[in-house]
Amino acid sequence: MVGAGISGIYQLYRLREAGLSVCLCEAGSGVGGTWYWNRYPGARFDSESYSYGYFFSRELFEEWRWSEEFAAQPETERYLNHVVDRFDLRRDIHLATRITGAAYDEADAAWLVTTANGEELRARFLVSAVGLLSEPYLPAIPGLADFAGVWHHTARWPPEAVELSGRRVAVIGTGSSGVQLIPHAARVAAELVVFQRTANWCTPLNNRPLPASRHREVRRSFHDIYRACHASPGGFVHRPLPLSALEVDPGERLAHFQHLYDSPGLTMLLANFRDITTDQNANAAVTAFLRGKIRDRVTDPAVAELLIPDDHTFGMKRPPLEDGYYEVFNQDHVTLVPLAREPIQAFTRHGIATTKRTYPVDVAVFATGFDAVTGAITRIDIRGRGGARLAHHWAAGPRTHLGLQSAGFPNLFFVGGPQSTTGNIPRATEIQVDWVTACLRHMAEHGRRWVEPTAAAEAAWLSHVSSTVRGTALENATSWAFGSNIPGKARAYQLYAGGIPAYRAHCEAAVERGYEGFTFG
Ligand code: NA7
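Keep in mind it's a predicted model, so treat the numbers as computed, not measured. Going along each chain's sequence as written, the residues are numbered from 1 onward. The predicted origin of the model limits local features to residues at a pLDDT of at least 70 and limits the giving and counting of side-chain atom pairs to 80 or more, whereas totals for whole chains, interfaces and linings rest on all residues. As a rule here, side-chain values come from all non-hydrogen atoms in the structure, and water together with hydrogens is ignored.

Moving on to unusual backbone geometry. Non-glycine residue Asn 206 carries a positive phi angle of around 50 degrees. Here Asn 206 lies in the loop between β10 (203-204) and α7 (212-220). We call a residue buried when its accessible area falls under 20% of the maximum for its residue type, exposed when it is over 50%, and partly exposed in between, using a 1.4 Å probe and counting protein chains only. A residue is classified by how much of its surface remains accessible, and Asn 206, at 27% relative accessible area, is partly exposed. Numbering of helices and strands starts at the N terminus; helices are DSSP runs of H or I of at least 4 residues and strands are runs of E of at least 2.

Have a look at this one:
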């Protein structure tokens, strides 16, 4: 196995339970994946904490007490360490062990895996649980090597504190990570310069402590929470209203938008009228409401206009959830630099030069996202049948059957990989973990040594995946979901937009039909 994040830990638990001998290699020096690497100030859930944790053990669910509705990174990292220790998983986890290559040995139906430490491992099966958002993207800005200040990427934030207090701080990028970090940086920095390429529709997180009474309620709701997540397209507890935004009068519509604006989590997107992302007029109504909110909260009208997205409407991308983000820009020591008007040219020795001026900087933060979905997989030199490279197989975009396997790469499985559901990640990936576990049991019972999908099944899944975005608000988005944030990366939808219930049904149907689309040997 590759990766000891939320999905990999669960996969290890299930494979151990199935009686397999497992070796899990993890590049980090600790477990947690996303919650190990993204330790920047402000990193936290946008899923309700209790809906994100594991459900495979009711005892675990009941005994772990989340302190907030949306826990911060340190707490989630503690939770995942607790799970690893509670279920004695650590003995199969090899930390600080980065897998660099894997070659399929056809004669033996086994993978020969190489690590950066020079070790070689032999395994019948290889399961990749490397995460969708784990390969950081650092834009190539000239001069960085000669920059005399300190710089970090949010997804490689060092464990030791990074001093921002009293410093001149620059943040490049205003996605979820930037939006979480910026209010923290503004609180302590002497000066803060935010370099924004594209504005986002940010909505309030409305986080709050989770008192004992709420914890008791959560404990009692184990089944209800799980069922709600499983029935929802993104694996969240929220439900859309069964109403069109256009069938209520404008006053009622606004009152509901305001109610959602004051509610915790991704409610503006997920508990809204059912058609806010599918009907243009409904979408225009919610977008206008949010535009008004930005204008209300940002005192300088020119700055407010810069913070209002002009390339996409609400719902085309997962909205960053914020806590005091817009008010940051009302402070005298904070400057917003719109890169569309003033592109970055280079790092200088002591700052960042745009086409208009040079901003003095002591600490530069790259909140510039990831080579998402495929990046962390294709950076491993994976060779399947006949020495074929996976990176080559995926050159025009990922190709898999059910997001689980690629043709020509037997016994290689992806959990939390391309062409599968996303949203509340643990709820999305546990479907795959359970599928892989059942498949390996099936193979053991039937004396099978290898499994891979057919090329026809792979082509059909690609066509189905594309159909899930066609004609939706997502279709034309400039987003990591299409690989469009990485220069030179082929544009292809890298996820599955059909939702968790439909995805699960496809996976179950394949099994019921005797692993339709898969060949065993
Ligand atoms: P995101 O959402 O990919 O955001 C990255 C941000 O960095 C975004 O604002 C980008 O602008 C910006 N960016 C990327 N490259 C550059 C360059 N070259 N110059 C300036 N700005 C740049 O990553 P996050 O880490 O914030 O969040 C990842 C996911 O975590 C998020 O989607 C949630 O699902 C949870 P752009 O919009 O591309 O113009």
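Now, onward.
Moving on, we get to the sheet that holds strand β13 (residues 344-348). Ordered in space as β13-β14-β15, the 3 strands form an open sheet in which the pairing is antiparallel. Two strands lie at the open edges of the sheet, namely β13 and β15 (358-360), each paired on one side alone. Direction aside, neighbouring strands of the sheet carry axes that sit 20 degrees apart on average. Pairing between strands is defined by DSSP: at least two bridges between them are needed. Here 3 bridges tie strand β14 (residues 351-354) to β15, and the two strands are oriented antiparallel to one another. The partner of Gly 351 across the bridge, within β15, is Pro 360. Between N-to-C directions, angles cover 0 to 180 degrees, with each direction set by a line fitted to C-alpha atoms, over the stretch in contact for helices.

This paragraph deals with the packing of helix α16 (residues 425-445) against helix α18 (residues 500-512). Two numbers describe how α16 lies on α18: the axes approach to 10 Å, and their chain directions differ by 5 degrees. Classified by the angle their axes make, α16 and α18 are roughly parallel. Residues Arg 427, Ala 428, Ile 431, Gln 432 and Trp 435 of α16 touch α18, and the partners they reach there are Ile 500, Tyr 503, Arg 504, Cys 507 and Val 511. Residue polarity follows a fixed list, in which Ala, Val, Leu, Ile, Met, Phe, Trp, Tyr, Cys and Pro are nonpolar, Asp, Glu, Lys and Arg are charged, and the others, Gly among them, are polar. Residue classes in the contact of α16 with α18 are distributed as 7 nonpolar, 1 polar and 2 charged. If an angle is under 35 degrees, it is roughly parallel; if it is over 145, roughly antiparallel; if it lies from 65 to 115, roughly perpendicular; otherwise it is oblique. Here, two residues are considered to be in contact whenever any of their heavy atoms come within 4.5 Å of each other.

Moving on, we come to the sheet that holds strand β7 (residues 150-153). Across the sheet, 5 strands lie side by side as β7-β16-β8-β9-β12; this open sheet has parallel pairing. Strand pairing shows two members of the sheet lacking a second neighbour, β7 and β12 (334-338), which therefore form its edges. Looking at each pair of strands side by side, their axes are set apart by 15 degrees on average, direction ignored. Sheet strands in contact with helix α6 (residues 176-188) are β8 (168-172), β9 (191-196), β12 and β16 (363-366), and its direction is about 160 degrees off that of β9.

Once that is clear, we can look at the side chain of Ser 244. With respect to the secondary-structure elements, Ser 244 resides in the loop between α8 (222-231) and α9 (250-261). A 3.5 Å cut-off defines polar contacts: any pair of N or O atoms within that distance qualifies, except that in protein one atom must be a possible hydrogen donor and the other a possible acceptor, and neighbouring residues in sequence count only when both atoms are side-chain atoms. Of note is the side chain of Ser 244, whose polar atom sits 2.6 Å from the side chain of Asp 275.

A word on the site of the ligand. Being near a molecule or strand, for a residue, means having at least one of its heavy atoms within 4 Å of it. Among the 18 residues in the neighbourhood of the ligand, the closest are listed as Thr 174, Ser 177, Arg 197, Thr 198 and Trp 480. In this structure, an oxygen atom belonging to the ligand sits 2.9 Å away from a main-chain N or O atom of Thr 174. With respect to the ligand, the side chain of Arg 197 contributes an N or O atom lying 2.9 Å from an oxygen atom. Contact with the protein chains hides 83% of the accessible area of the ligand, taken as 780 Å² for the molecule alone. For the shell around the ligand, a count of residues per class yields 8 nonpolar, 8 polar and 2 charged. All accessible areas in this document rest on Shrake-Rupley with a 1.4 Å probe, and a residue is counted as covered only by the protein chains that are shown.

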